[in-house]
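In case you want the letters, here they are:
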Amino acid sequence: MSALDEMRELLNRHARPDMSTAIAGIQVCKFTPNASAAGMSGTVLAVIAQGGKRLALGERLYEYRPGEYLIASADLPVTGHVLDTGQPTLGFGMTLAPSALAELLLEADPRDLPTTPRTTSPGIAVSTASPSLLDAIVRLLRLLEQPADRKILAPMVKREILWHLLRGEQGAAIRQLGLADSALAHINRAVRYIRENYATAFRVEDLAEMAGVSVSAFHRNFQTVTGMSPIQFQKCIRLQEARLLLASRPSDITGVGLSVGYDSPSQFSREYRRMFGTPPSKDTQLRTPPAELVTALP
């Protein structure tokens, strides 16, 4: 049995509605064809074993299928769609903790790793998983059925997965996630600020100062990582938060718009419709729980 076949069996066996597992930071996902939703990506590794997914970040589209992995090195507002391949999509997800990457980088010989680029890289990338990476993921999933070994071995295998990522095609970008003074780390601080203060207006000059670069360099780096301008990024966050609020307050459209930072109800409805394809008053998806899809990306 190939690693991908075994991974498929393990994922199918351990998939839960909430995607949780007994291993911290690890998710197992099973999605029905054509499911879709918008949300924040988190900083994650996502691997597809069956089916496929398409992810939109601004005007960029990313698609990944069995044997491919997606890396999100920043917490980005994305819209995901499960491809209709005639079968459920099975995915593995692992949170990428900067502290774990930093610890590994301290111990590694820099000569064994890709050179960190001088410029920032896009916050999302797709690559083919190496046999070594798939093998490590399978061994980690096996530990879901080996509770006596899990506590000791799971941290070691997660560390091995990080090492394979650092040595892989996206290693240079992932390395930036573990470096406190990298260009990506500076942009991530600005991303986190906007995420936490999405309802409040900000000055791009202040964000550039927070990132320690000129305004022009900040704009360029932010656009490279997120695929959008800081103002567009804030707008995506506002509208996603509004959709979540409307699920529990469907009759309070004006109040929800105000709470996420819109002074004009008409502007709120107009931009909501532009992003989600329907005005808030007619968004039928608000009548059901949010789709299972994007918060963990797998």
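It should be noted that the structure appears before, not after, this text.
First things first, this report covers the structure right here in the doc. All values reported here derive from a predicted model rather than from experimental measurement.

## Quick word on the environment of G25
So, step 1. The residue G25 is located in the loop between α1 (3-14) and β1 (26-31) in this model.
So, step 2. Of the residues examined, G25 reaches a relative accessible area of 35% and is grouped as partly exposed.
So, step 3. Spatially, the C-alpha atoms of G25 and L96 are 8.3 Å apart, while their sequence positions differ by 71 residues.
So, step 4. When neighbours within four sequence positions are excluded, G25 is seen to be in contact with G93, M94 and T95.

## Observations concerning the sheet that holds strand β9 (residues 124-128)
So, step 1. With antiparallel pairing, five strands are arranged side by side in an open sheet as β1-β8-β3-β6-β9. Since the sheet does not close on itself, it has two edges, and those belong to β1 and β9, each with one partner. Averaged over all pairs of adjacent strands, the angle between their axes in this sheet comes to 20°, without regard to strand direction.
So, step 2. In terms of strand pairing, strand β3 (residues 44-50) meets strand β6 (residues 68-72) through four bridges, oriented antiparallel.

## Observations regarding the sheet that holds strand β7 (residues 77-82)
Strands belonging to one sheet form pairs held by backbone hydrogen bonds; the direction of such a pair is parallel or antiparallel.
So, step 1. The four strands are arranged β2-β7-β4-β5 in an open sheet whose pairing can be described as antiparallel. Strand pairing shows two members of the sheet lacking a second neighbour, β2 (36-40) and β5 (60-64), which therefore form its edges. Here the average twist between neighbouring strands, direction ignored, is 25°.
So, step 2. Both β2 and β7 contribute to a ladder of five bridges, which runs antiparallel. Looking at the pairing, M40 lines up with P77 of β7.

## Observations concerning the nonpolar core
So, step 1. Core analysis: the biggest nonpolar cluster contains 81 residues, and M7, L45, F92, I161 and L165 have the highest contact counts within it.
So, step 2. For this core, the leading source of residues is helix α3 (residues 131-142), giving seven residues.
So, step 3. Apart from the residues lying within four places of it in its own chain, the contact partners of L45 are Y69, L70, I71, F92, G93, M94, L96, I161 and L165.
So, step 4. One finds C29, F31, A35 and V82 within the second-largest nonpolar core, a separate group that totals five residues.

Basis of the calculations
Residues numbered from 1 in each chain as written. Predicted model: local features only at pLDDT ≥ 70, side-chain atom pairs only at ≥ 80, totals over all residues. Heavy atoms only, no water. Helix = DSSP H or I, 4+ residues; strand = E, 2+ residues; numbered from the N terminus. Buried < 20%, exposed > 50% of the residue type's maximum accessible area, 1.4 Å probe, protein only. Contact = heavy atoms within 4.5 Å. Pairing = 2+ DSSP bridges. Axes fitted to C-alpha atoms, helices over the stretch in contact; angles between N-to-C directions. Core = buried A, V, L, I, M, F, W, Y, C linked by side-chain atoms within 4.5 Å.

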